[in-house]
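An overview of the molecular structure
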Amino acid sequence: PRRLQSSLMLSLLDAEPQSLDPLALPGGEVEALYVHVPFCFHKCHYCDFYSITRQTPERMERFVNLVLRETAMWARLPHIALRPRTIFFGGGTPTILAPEQLGRIVEAIESRFGVIADVEVTAEANPETVDEAKFRAMRSHGFNRISIGVQSLVGRVLAGLGRTHSADVARDAVHAARAAGFDDVNVDVIYGSPWETDEDWSTTLAGVVDLNPDHVSAYALTVEEATPLATLVRTGRVADVDPDVQADRHSVADEALSAAGYGRYEISNWARPGRASRHNGLYWSAGDYIGVGAGAHGHIDGRRWWNERLPRDYIASVLSRQEAVAGDEYLPADKRGGEALMLGLRLRSGIPVDGFARRFGARVLDERAGQIDDLVEAGLLERAEGCLRLTERATLLANEVAARLL
């Protein structure tokens, strides 16, 4: 989900930035809310998500109060009905905030909008920022799912990535979440870094399986512009990532996690039965969500917007206008359908053809019928059980397939 928040703004589709008036957004029911917490203790070498490492208790408290004010603005809009099925706190490092601060945001969302009975409330957590007491407090404030950024269980790899926790601290964090009563725990790992060997990756996978999380997200390392890692690669001090190595590592992960009882439901996500992330699923199915907080993104019916990134700009905007929208873009129906096709093909189940046509129009698929037939003939797509989906051999070629269809 975090990658989607950032990468969707780098869409291959054309869209004209405009000034967004929240009252001009399409109406309807929105089922998800994303809260972006921009604070981190340390910026990892590979990270291009918006975060800042300078924070004080006063600044964090002010941020929380402004998120509450921004949330209240969305609640006042008469034409948007937000009744969350999922609330997701990403960042940054949300668990830098105190449980009481996080809880105030959850409680405000629930009181202003109402939520379904089994709402999924997730927070991302860095291992060095949590312990059993903090997790217990978070549970008391409504959190029922935790996503822990383990990334690796090999010290040398963690150091290369710029992580500030050890493998033991990562293990302790997962155990602490369990001891505190969380029965829906995700572990994030990264594979294919220049510091990682085949043996290192096997060690991490074996350690993750031993930790027995309910969900595993495994991402191939990408070298993003304007990160310390990009500078190291550009200057030749660190080798670039090798896509063939990463493809092999993904296959190893799929084999190990499948053998341990996890089912892959999206290219980078595996889950125990019934534990697929509801929030992830909303992103990959091109759903609607509201984003609050500095640097957050939102989307309703083809209109996508993003908040002010810098805390000072976010603060000034919320204080003066009650909201913090910095800009937006609109995707016409056909282009929105093209993007939904690109996202939906990442799901192992693929795209239900009839449902997709009802939602985005039959024209989206009809205009791409030739390309689809070519990809089926090439063994990259298949039609099965009323769905269009990637074949197993095309799992790591999703971007190339999407480019053909766009």
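The structure displayed is predicted, hence computed values, not measured ones.

1. Overview of a negative patch on the surface
On the surface, Asp240, Asp242, Asp244 and Asp248 cluster together into a patch of negative charge. Following the sequence through the fold, Asp248 ends up in helix α9 (residues 243-259). Exposure remark for Asp248: the relative accessible area of 52% places this residue in the exposed category.

2. Comments concerning the sheet that holds strand β12 (residues 325-330)
Taken in spatial order, the 3 strands line up as β10-β11-β12 in an open sheet, and their pairing is antiparallel. In the strand order of this sheet, the two ends are held by β10 (297-300) and β12, each with one partner. Across this sheet, the average inter-strand angle for adjacent strands is 20 degrees, counted without regard to direction. For β10 and strand β11 (residues 303-307), the ladder comprises 4 bridges, and the chain directions are antiparallel. Its bridge partner being in β11, Ile300 is matched across the sheet by Arg303.

3. A short note on helix α2 (residues 57-76)
A rise of 1.5 Å per residue sets the reference length of α2, with its 20 residues, at 28 Å; its end C-alpha atoms lie 29 Å apart and thus fit the reference within 8%. All buried positions along α2 are accounted for by Met60, Phe63, Val64, Leu66, Val67, Leu68, Glu70, Thr71, Ala72, Met73 and Trp74.

4. A word on the packing of aromatic side chains
Applying the stated criterion across every chain yields a total of 9 aromatic pairs. Look at Phe135 and Phe182: their rings are 5.7 Å apart centre to centre, the planes differ by 75 degrees, and that puts the pair in the edge-to-face class. Pair noted here: Phe135 is in helix α4 (residues 132-140) and Phe182 is in the loop between α6 (167-179) and β5 (185-191), with a separation of 47 residues, a long-range link. Considered together, Phe135 and Phe182 belong to a single accessibility category, that of buried residues. On the basis of an interplanar angle of 45 degrees and a centroid distance of 5.3 Å, the ring pair of Tyr191 and Trp201 is categorised as tilted. In this pair, Tyr191 is assigned in strand β5 and Trp201 in helix α7 (residues 198-211), connecting sequence segments 10 residues apart.

5. Topic: the packing of α2 against helix α3 (residues 99-113)
Packing of α2 against α3 brings their axes to within 10 Å, and their N-to-C directions diverge by 10 degrees. Here α3 runs roughly parallel to α2, going by the angle between their axes. Where α2 approaches α3, its residues Met60, Glu61, Val64, Asn65, Val67, Leu68, Thr71, Ala72, Trp74 and Ala75 are matched on the opposing element by Gln101, Arg104, Ile105, Ala108, Ile109, Arg112 and Phe113.

6. A short note on the confidence of the model for the protein chain
Across the protein chain, the average pLDDT comes to 89, with 92% of residues at or above 70. In this model, residues 1-19 is a region of pLDDT below 50 whose contacts with residues beyond four sequence positions or in other chains number 53 contacts.

7. Describing the side chain of Thr95
Turning to its location among the elements, Thr95 is positioned in the loop between β2 (80-91) and α3. Using a relative accessible area of 0% as the deciding quantity, one classes Thr95 as buried. The contacts of Thr95, once residues within four sequence positions are left out, are Glu124, Ala125, Asn126, Thr129, Val130, Lys134 and Met138.

8. What about the pattern of salt bridges?
Note that side chains of opposite charge can pair when their charged atoms are close. Scanning the model with the defined rule gives 27 salt bridges in all. Among the charged side chains, a salt-bridge network with shared partners connects Arg145, Asp183, Asp184 and Arg275.

9. A word on the nonpolar core
By size, the foremost hydrophobic cluster in this structure holds 74 residues, and its most contacted members are Phe89, Phe135 and Ile146. Aside from chain neighbours lying at most four places away, what touches Phe135 is Val130, Ile146, Ile148, Ala173, Ala176, Ala177, Ala180 and Phe182. By size, the runner-up hydrophobic cluster in this structure holds 23 residues, among which are Ile267, Leu343, Ile351 and Leu381.

10. Some details on the environment of His297
With respect to the secondary-structure elements, His297 resides in strand β10. Between the alpha carbons of His297 and Ala173 there is a distance of 29 Å; along the sequence they are 124 residues apart.

11. Some details on the sheet that holds strand β15 (residues 387-390)
Ordered in space as β13-β15-β14, the 3 strands form an open sheet in which the pairing is antiparallel. Where the open sheet ends on each side, the last strands, each with one partner, are β13 (351-352) and β14 (381-384). Inspection of the sheet shows β14 paired to β15 by 4 bridges, in the antiparallel sense. The partner of Ala384 across the bridge, within β15, is Cys387. Across the sheet, helix α15 (residues 369-377) lies against β14 and β15, angled at about 95 degrees from β14, the strand it touches most.

Basis of the calculations
Residues numbered from 1 in each chain as written. Predicted model: local features only at pLDDT ≥ 70, side-chain atom pairs only at ≥ 80, totals over all residues. Heavy atoms only, no water. Patch = residues over 30% accessible without salt bridge, like charges linked within 9 Å, V, L, I, M, F, W, Y side chains within 5 Å. Areas by Shrake-Rupley, 256 points an atom, 1.4 Å probe, with all protein chains shown as cover. Salt bridge = Lys/Arg side-chain N within 4 Å of Asp/Glu carboxyl O. Lys, Arg positive; Asp, Glu negative; His and termini not counted. Charge placed at Lys NZ, Arg CZ, Asp CG, Glu CD. Helix = DSSP H or I, 4+ residues; strand = E, 2+ residues; numbered from the N terminus. Buried < 20%, exposed > 50% of the residue type's maximum accessible area, 1.4 Å probe, protein only. Pairing = 2+ DSSP bridges. Axes fitted to C-alpha atoms, helices over the stretch in contact; angles between N-to-C directions. Expected span 1.5 Å × (residues − 1). Phe/Tyr/Trp six-rings, centres within 6.5 Å; stacked < 30°, edge-to-face > 60°. Parallel < 35°, antiparallel > 145°, perpendicular 65-115°, else oblique. Contact = heavy atoms within 4.5 Å. pLDDT = per-residue confidence, 0-100. Core = buried A, V, L, I, M, F, W, Y, C linked by side-chain atoms within 4.5 Å.

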